[in-house]
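# Structure assessment
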Amino acid sequence: MGEVIVVTSGKGGVGKTTTTANLGTGLAAASKKVCLVDADIGLRNLDVVLGLENRIVYDIVDVTTGVCRLRQALIKDKRFEGLHLLPAAQTKDKTAVNPEQMKELCEELRKEFDYVIIDCPAGIEQGFRNAIAGADRAIVVTTPEVSAVRDADRIIGLLEAADLREPKLIINRYRPKMVNRGDMMSIDDMNEILAIDLLGVVPEDEQVVVTTNKGETVVRDDKSLSGQAYRNITRRIMGENVPLMNLEEPSGLFSALRKMIGLK
Amino acid sequence: MTNGIAAQNSAINNLPVELEELVDDNTVLVQRTLRSGQSVYHDGNVVVLGDVNPGAEIVATGNIVVMGALRGVVHAGAKGDANAVILAFRLRPTQLRIANHITRPPEEEISDPDYPELARIKNGVVTIETFNSNFK
């Protein structure tokens, strides 16, 4: 029986979809059977980020309303054998699915897959309640901004009230240089408020935008720091103990030289 | 609102035996951190064993004690009791209200004491003082 994990944040734009895509790809690259579920009905994104938009025939609402069988709606990823996507509907809204249906769907998916990862919509309304209904555990994504941290705190409270205990935290778009200057919240600042286990820290990286726009995932990029961060998070999800990596960008003449000759 | 009631019920029902005698009819013990959006409303005293995060709210007709960091909005003596006090291990509120007084921390002055503090009304103004156990 597989595990159902919801990726949520409260605030929009902090990187839920990017995180979902990267964790899914990372797990699939480790030979796991993975199904990504886009629960953001009406604002479908995950298919675009994965570069699978043009393969959609049926969606999640077609499955819950019985228009098609689950198997028919699942899209196989073009690069990874074990990776599948259940896309959101674009022409409906969040009320097209209810939490009971989502629970049934998750139960069915977990029989087939090692990991079912649900991309939760922003907000705390029905879309959120749908997304968390069938989940065993939750990952909360935040960025080092007071508004994102505030919303993450609200979400953690709602998750605990829904009996999703001990959610794990991913800090996204972290900029060590700004933190060192005192211009950005540090990991400790966020931990002081949120006080939940840290699953990983993903540094701000242009490469995320570059890969996303090509329908690829940065987790497959061996050279980027953010890709390394996502690979570490993937291993932690699989139960490995991986220490937090050093996010400081190498500086000084020596490392600049090493970079020039491609040693990284 | 519903959160508040749930908090009260669970706090009363799940008390360890040794703490039970500390709670009279009038005091509720909240055994967790209050996160953004969560609130406790109580006709009496409120004691929180955890933090009160920004965006969380406590309204009590009596005193409020926070055994952690108080960063949210709290209102003690909500029915007009000007003798009510607010005590926190780390007093960093968004806003403090006692009876009909409303105050917020000064904007320019950045003091960050790491000891417990007590807020109460003295001579008609809300004052913050270092907490020591024999306060009068």
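Residues numbered from 1 in each chain as written. Chains lettered and ligands numbered in written order. Predicted model: local features only at pLDDT ≥ 70, side-chain atom pairs only at ≥ 80, totals over all residues.

In terms of regular secondary structure, chain A is built from twelve helices and eight strands. For chain A, the C-alpha radius of gyration of 18 Å lies close to 18 Å, the compact-globule estimate for 264 residues. Taking the principal axes of the C-alpha coordinates as reference, chain A spans close to 65 × 40 × 30 Å. Relative to its 264 residues, chain A shows a buried fraction of 47%. Long-range pairs, those at least 24 residues apart, make up 75% of the contacts in chain A with a sequence separation of at least 6. (Helix = DSSP H or I, 4+ residues; strand = E, 2+ residues; numbered from the N terminus. Rg over C-alpha atoms; globule rule 2.2 N^0.38 Å. Buried ≥ 20, exposed ≤ 12 C-beta atoms within 10 Å, placed from the backbone. Contact = placed C-beta atoms within 7 Å.)

Let's shift gears to the UniProt feature "binding site: ATP" (unreviewed entry) in chain A. Residue and element names in this part refer to chain A. If you check UniProt for "binding site: ATP" (unreviewed entry), the listed places come out as Lys-11, Gly-12, Gly-13, Val-14, Gly-15, Lys-16, Thr-17 and Thr-18 in our numbering. Residue classification places Val-14 among the buried residues on the basis of 25 C-beta atoms within 10 Å. When near neighbours in sequence (up to four residues on either side) are disregarded, Val-14 contacts Ser-9, Val-141, Thr-142, Thr-143, Ala-148 and Asn-172. As for its position among the elements, Lys-16 is in helix 1 (residues 16–29). (UniProt positions renumbered as here; feature names shortened; annotations may be inferred.)

Take the UniProt feature "domain: AAA" (unreviewed entry) in chain A next. Under the local residue numbering, the UniProt record ascribes the feature "domain: AAA" (unreviewed entry) to residues 3–159 of chain A. In residues 3–159 of chain A, helix accounts for 40% and strand for 18%; the two terminal C-alpha atoms are 17 Å from one another.

Every contact between the two is made by eight residues of chain B and, on the other side, seven residues of chain A. Grouping the amino acids of the side of chain B that touches chain A by side-chain chemistry returns one nonpolar, six polar and one charged. (Nonpolar A, V, L, I, M, F, W, Y, C, P; charged D, E, K, R; others polar.)

Moving on, we get to the environment of A:Gly51. Residues and elements named next belong to chain A. Relative to the helices and strands, Gly-51 resides in the loop between helix 2 (46–49) and helix 3 (60–64). As a C-alpha pair, Gly-51 and Ala-148 span 97 residues in sequence and 28 Å in three-dimensional space. Excluding residues that lie within four positions of it along the chain, Gly-51 makes contacts with Gly-215 and Glu-216.

Quick look at the packing of helix 5 (residues 99–112) of chain A against helix 6 (residues 126–133) of chain A now. All names here are of chain A. For the pair helix 5 and helix 6, the least separation of the axes is 7 Å and the interaxial angle reads 30°. Comparing their axes, helix 6 and helix 5 come out roughly parallel. In terms of crossing hand, the pair formed by helix 5 and helix 6 is right-handed. Here helix 5 contributes Pro-99, Met-102 and Lys-103 to the contact with helix 6, which in turn contributes Arg-129, Asn-130 and Ala-133. Taken together, the residues of the contact of helix 5 with helix 6 break down into three nonpolar, one polar and two charged. (Axes fitted to C-alpha atoms, helices over the stretch in contact; angles between N-to-C directions. Parallel < 35°, antiparallel > 145°, perpendicular 65-115°, else oblique. Left-handed = near helix turned anticlockwise from the far one by under 90°.)

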